[in-house]
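# Observations on the three-dimensional arrangement
Chain by chain, the residues run as shown.
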Number of protein chains: 2
Amino acid sequence: MLKKFAKAAKPTKEEISERMEEEQAKLAVNQIRIRQAKVPVMVIFEGWGAAGKGSVLGKVIKDMDPRFFDVATLHSRPTEEERMHPFLWRYMVEIPEEGQFKFLDTYWMEEVTSQLVAGTLAKSDYHKRIDSINMAERQLVDNGYLVMKFFFHISQEEQRARLDALSADENTSWRVNEDDYLENEQYDSCLEIYDRYLRDTNRSSAPWYIIDAKSRRWATLQVLEFLNMGIDVAIHNRGVAAPLRQNVFPLNKVTPLADIPLDKTIEYDDYHDQLKELRARLGALHNIVYRKRIPVVIAYEGWDAAGKGGNIKRITSALDPRGYEVHPIASPEPHEKARHYLWRFWHRLPKAGHIAIFDRTWYGRVMVERLEGFCSENDWRRAFNEINEFENELVEAGVVLIKFWVQIDSETQLARFTDRQNTPEKQWKITDEDWRNREKWDLYEQAINEMISRTSTTFAPWHVLESNDKRYARIKALEIVVDAIEEACKRA
Amino acid sequence: MLKKFAKAAKPTKEEISERMEEEQAKLAVNQIRIRQAKVPVMVIFEGWGAAGKGSVLGKVIKDMDPRFFDVATLHSRPTEEERMHPFLWRYMVEIPEEGQFKFLDTYWMEEVTSQLVAGTLAKSDYHKRIDSINMAERQLVDNGYLVMKFFFHISQEEQRARLDALSADENTSWRVNEDDYLENEQYDSCLEIYDRYLRDTNRSSAPWYIIDAKSRRWATLQVLEFLNMGIDVAIHNRGVAAPLRQNVFPLNKVTPLADIPLDKTIEYDDYHDQLKELRARLGALHNIVYRKRIPVVIAYEGWDAAGKGGNIKRITSALDPRGYEVHPIASPEPHEKARHYLWRFWHRLPKAGHIAIFDRTWYGRVMVERLEGFCSENDWRRAFNEINEFENELVEAGVVLIKFWVQIDSETQLARFTDRQNTPEKQWKITDEDWRNREKWDLYEQAINEMISRTSTTFAPWHVLESNDKRYARIKALEIVVDAIEEACKRA
């Protein structure tokens, strides 16, 4: 689409001034409307080197209220730290919260295309990146984000002239690097690459807008006009339901919770022997995990009082405290609630070589948020696929992902609740909410069965821990963790 | 996506029966909701030969009210007549009206993929088809259509067994043809082709649903569940605004109407000489147009009393009545209004070798519909691009497309209105509405200027006919028509 790009006729200077004033006034109002409508807005600037992204960005935000926007400058080459995370990670952590604008001076396009230009990205990896990006943009838009994508376009001659002018001035020469000149020399092949990328990511929900960037003022006006137009549509469309997509991931057949026997137990002595042995193995593995830079995510979900905490403790007691983190997941804080529901988990992903343990997880979307009406039906129905996509991204990036459902029966929960109530040092563990949730056992069980059957993918299956006997569950968890990590260490 | 398709586990017979009953009841309600919400629904069945599309279709509609749906069976090989139209034509004429279901037993996929299988579609033509299809599906969804796409999937062995069984029975052997066996023999390469097509057309707004079609009842249930789910979302989303896309077509620079001098005239004798000569040339060209199978579309727009009718008459009087049609376009009839606004024009496209003259056109969307509020602001803003896309499809398919704006000034209109009012045999030509529209001259002029500047593409530019002197305008129109057709005849 870039190759065929037909410039609109540039208006006269007077017309630009007139329209500019109008659009700036509109944006001043729109920033308030966005805040009131609670729409999160991402404005992505991509384009040729020296096309003037920065200075146009400066003009666009000039009259905006600084409380309403944020600017991030990303680089095409991820840092060491960033490379220790999945591809999407450093981008997803940047997404704005509702009511806020985030201006992104280059985003995921530049990393991909610069690798294509350098010839360091295989064709199959390119397709993977495109799939990841389209998936992420779709998820953002489906979850209420406005994603505006601008490509700043200038000709080879114009770029050359600008690079020379910047280089000639000692105050600006730092802004030009070798890559810029390389891009200019290989303009035609870069054009092919950019054109293809724009085509491959030009989706109805987040289409590309190509900016004729020869004149800065005219470029600014184009951005403002498209932006205001996009805002009008986004505000009009608040609360829209996204089409539900078919699960495309291979699923395991699973057993409904009610059919899982819970009479499994372990003898006390056995327990201690096995615990000791498994801990020793896990401790040793942790070193290999670190050395081989394997990221590990262990996700715990389960009934209240099922014994998640104690189970997690048996894992962590084997680990080097410098190499793991436990994330207790409670109700989202305001700044978390205001973003895509997976954001707080993207944010907490471990870097390669580290282990992250989640005490409750992203599955809250299809349990408590579903049952308490904290999200719409369309939201939680869509979430099964979104979560599978999220987990697929992790696994494809080499994350060892282990998901536990800690299972007990209703009678066992009642006994443990009663015990907590009656034991002073355990009373903090039991709240009115626990009792209220208990009344909804059947509804939860139905939702959990659906969750497990829809998200037990072959690459990230659920493991049910039968936890009427907590010790049995602990040993089973340790075995699964040890096996999975051992396997990954062998492959790595 | 087909290659990686992960079948969901097939439920037990009892569960299928239970869920089937539930979904059929839901569909019974949903057909009424669709009618009330005025959503047009397209249900597209594609898939392997003998995958059971027909029998599943039969089961899906079994309990539907026959007034609410319609079935069309399309063929992968267009007829002679169909090949004389642009690729999309035979599909676009089939779209349903609002509140109605249209079940389409194969649609545009099959024509494209069968040509790929046969090796008769060049790679560049494949990309063109994909672009056309994605464009059309997007336009339909943006204009309120629900487009549900199902691909019926069976294994090579299953297909082979079914073909053999069908062939063996004299009552069903007619349902199997050579192509089916060919598809079975080349199963793997067909799989590649289908997989690619599904990927290339899997857009958020109209995603694919792959149906595990081994069991008919299970396949029926899958279709029903996806269909009901799609309907829920579509009804929830009535009135959604679609994101506006950037114009990607090359535009001509145009002059605002006010700056076009209208003092051009022609002497009476000159007029007659030229008229005679041009008519003779056009008459001769009409034979070549017919022989070379060139489709021609001449579109007239202009002010009331600008002289469109007389202008058209001067064209048609040169033509063989068997080879042209004039389409006077008034307010849409109910069955037209109930469909995508371009439908009535798709419907009236000339076949190759014929000339269609439109007295008023699809541009009503951005003039009267815009100004009278017959469509939303999002609708008419989106329409500029949609119309450019529509015209691009025609031109790419070889249509000679000529667009006239018949221009007069306000005083001339007043004089002609007054003359009509005062001349008994002309009084039928003037209505109260004409006078009311006249009061909105300035608003119309603004809209028309925007229309001309946004849709004067290099491949389908507007020609302004200065018609204060109607004779001048007629000669100019004839010259343009003769030149354009002559040019096309040379190229053909």
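Shown above is the structure to which this text applies.
Residues numbered from 1 in each chain as written. Chains lettered and ligands numbered in written order. Predicted model: local features only at pLDDT ≥ 70, side-chain atom pairs only at ≥ 80, totals over all residues. Heavy atoms only, no water.

## Focus on a negative patch on the surface
Residues and elements named next belong to chain A. Taken together, the side chains of Glu267, Asp269, Asp270 and Asp273 define an acidic patch exposed on the protein surface. Its place among the elements puts aspartate 273 in helix α11 (residues 268–291). According to the relative accessible area criterion, aspartate 273 is exposed, its value standing at 53%. (Patch = residues over 30% accessible without salt bridge, like charges linked within 9 Å, V, L, I, M, F, W, Y side chains within 5 Å. Areas by Shrake-Rupley, 256 points an atom, 1.4 Å probe, with all protein chains shown as cover. Salt bridge = Lys/Arg side-chain N within 4 Å of Asp/Glu carboxyl O. Lys, Arg positive; Asp, Glu negative; His and termini not counted. Charge placed at Lys NZ, Arg CZ, Asp CG, Glu CD. Helix = DSSP H or I, 4+ residues; strand = E, 2+ residues; numbered from the N terminus. Buried < 20%, exposed > 50% of the residue type's maximum accessible area, 1.4 Å probe, protein only.)

## Some thoughts on the packing of helix α5 (residues 108–118) of chain A against helix α6 (residues 123–142) of chain A
All names here are of chain A. The N-to-C vectors of α5 and α6 enclose an angle of 170 degrees; their axes lie 11 Å apart at closest approach. Put simply, α5 runs roughly antiparallel to α6. Between α5 and α6, the contacting residues are Trp108, Val112 and Leu116 on the first element and Tyr126, Arg129, Ile133, Ala136, Glu137 and Leu140 on the second. Residues of the contact of α5 with α6, tallied by class, amount to seven nonpolar, no polar and two charged. (Axes fitted to C-alpha atoms, helices over the stretch in contact; angles between N-to-C directions. Parallel < 35°, antiparallel > 145°, perpendicular 65-115°, else oblique. Contact = heavy atoms within 4.5 Å. Nonpolar A, V, L, I, M, F, W, Y, C, P; charged D, E, K, R; others polar.)

## Observations regarding the relation of the copies chain A and chain B
Expressed as a screw transformation, the operator carrying chain A onto chain B has a rotation angle of 180 degrees and an axial translation of 0.1 Å, and the superposed copies differ by an RMSD of 0.0 Å. In short, the pair behaves as if placed about a two-fold rotation axis. Comparing contact sets, 97% of the residues at the interface of chain A also lie at the interface in chain B, consistent with an isologous, same-surface contact. (Least-squares fit on C-alpha atoms with pLDDT ≥ 70 in both.)

## Focus on helix α8 (residues 178–185) of chain B
Residues and elements named next belong to chain B. Within α8, burial applies to Asp180, Glu183 and Asn184. Burial along α8 is one-sided: seen end-on, the buried residues are contained in an arc of 100 degrees. In α8, the exposed positions angled more than 90 degrees off the buried face are occupied by Glu178 and Glu185. Tucked inside the fold, the buried residues of α8 contact α7 (156–168) and α9 (187–200). At the N-terminal boundary of α8, the capping side chain belongs to asparagine 177, with an oxygen 3.0 Å from the backbone nitrogen of aspartate 179. (Arc of directions from axis to C-beta. Polar contact = N/O pair within 3.5 Å; in protein donor to acceptor, adjacent residues only side chain to side chain.)

## Points about the sheet that holds strand β9 (residues 400–407) of chain A
Residues and elements named next belong to chain A. The strand order across the open sheet built from five strands is β7-β8-β6-β9-β10, with neighbouring strands paired in parallel fashion. Among the strands making up the open sheet, the edge pair consists of β7 (324–328) and β10 (462–466). Between one strand and the next, the sheet's axes are offset by a mean angle of 20 degrees, whatever the strand orientation. By the bridge criterion, five bridges tie β9 to β10 in an arrangement that is parallel. Its bridge partner lying in β10, phenylalanine 404 is registered against histidine 463. Each of β6 (296–302), β9 and β10 touches helix α20 (residues 470–491); the most contacted strand, β10, lies at about 150 degrees to it. (Pairing = 2+ DSSP bridges.)

## Here we look at the interface of chain A and chain B
Each partner contributes residues to the interface: chain A has 36 residues there, and chain B has 35 residues. Buried surface at the junction of chain A and chain B, both sides included, amounts to about 2900 Å², of which 51% is carbon and sulfur. Across the pair arginine 199 of chain B and aspartate 131 of chain A runs a salt bridge whose closest N-O atoms are separated by 3.5 Å. Counting across the chain A and chain B interface gives 10 residue pairs in polar contact (both at pLDDT 80 or more). Taken together, the elements giving at least two residues each to the side of chain A that touches chain B come down to α6, β5 (208–212) and α10 (216–236) of chain A. Classifying every residue of the side of chain A that touches chain B gives 19 nonpolar, eight polar and nine charged. (Buried area = accessible area lost by both parts, 1.4 Å probe.)

## Focus on the sheet that holds strand β1 (residues 41–47) of chain A
Residue and element names in this part refer to chain A. Strand order in the open sheet made by the five strands is β2-β3-β1-β4-β5, with parallel pairing throughout. Edge strands, defined here as strands with exactly one partner in the open sheet, are β2 (69–73) and β5. Direction aside, neighbouring strands of the sheet carry axes that sit 20 degrees apart on average. Pairing analysis gives five bridges linking β1 to strand β3 (residues 101–105), with the strands arranged parallel. Across the sheet, residue valine 43 finds its bridge partner in β3, namely phenylalanine 103. Seen against the sheet, helix α2 (residues 53–61) touches β1, β2, β3 and β4 (146–153) and runs at an angle of roughly 165 degrees to β3.

## Topic: α9 of chain B
Residues and elements named next belong to chain B. Between the first and last C-alpha of α9 there are 20 Å, a value that for 14 residues agrees with the 20 Å anticipated at 1.5 Å per step. Buried residues of α9: Tyr187, Cys190, Leu191, Ile193, Tyr194, Asp195, Tyr197 and Leu198, and no others. In the core, the buried residues of α9 are packed alongside α5 (108–118), α6 (123–142), β4 (146–153), α7, α8 and β5 (208–212). (Expected span 1.5 Å × (residues − 1).)

## A closer look at a positive patch on the surface
On the surface, Lys13, Lys59, Arg175, Arg216 and Arg217 of chain A cluster together into a positively charged patch. If you trace the backbone, arginine 217 of chain A turns up in helix α10.

## Regarding the pattern of salt bridges
Considering all chains together, one arrives at 84 salt bridges over all chains under this definition. Note that arginine 138 of chain A is salt-bridged to glutamate 389 of chain A, the shortest N-O span being 2.6 Å. In this pair, arginine 138 of chain A is assigned in helix α6 and glutamate 389 of chain A in helix α16 (residues 377–396), connecting sequence segments 251 residues apart. Accessibility classification places arginine 138 of chain A together with glutamate 389 of chain A in one group, the buried group. Ionic pairing is found between glutamate 450 of chain B and arginine 370 of chain B, a salt bridge with its closest N-O pair at 2.9 Å.

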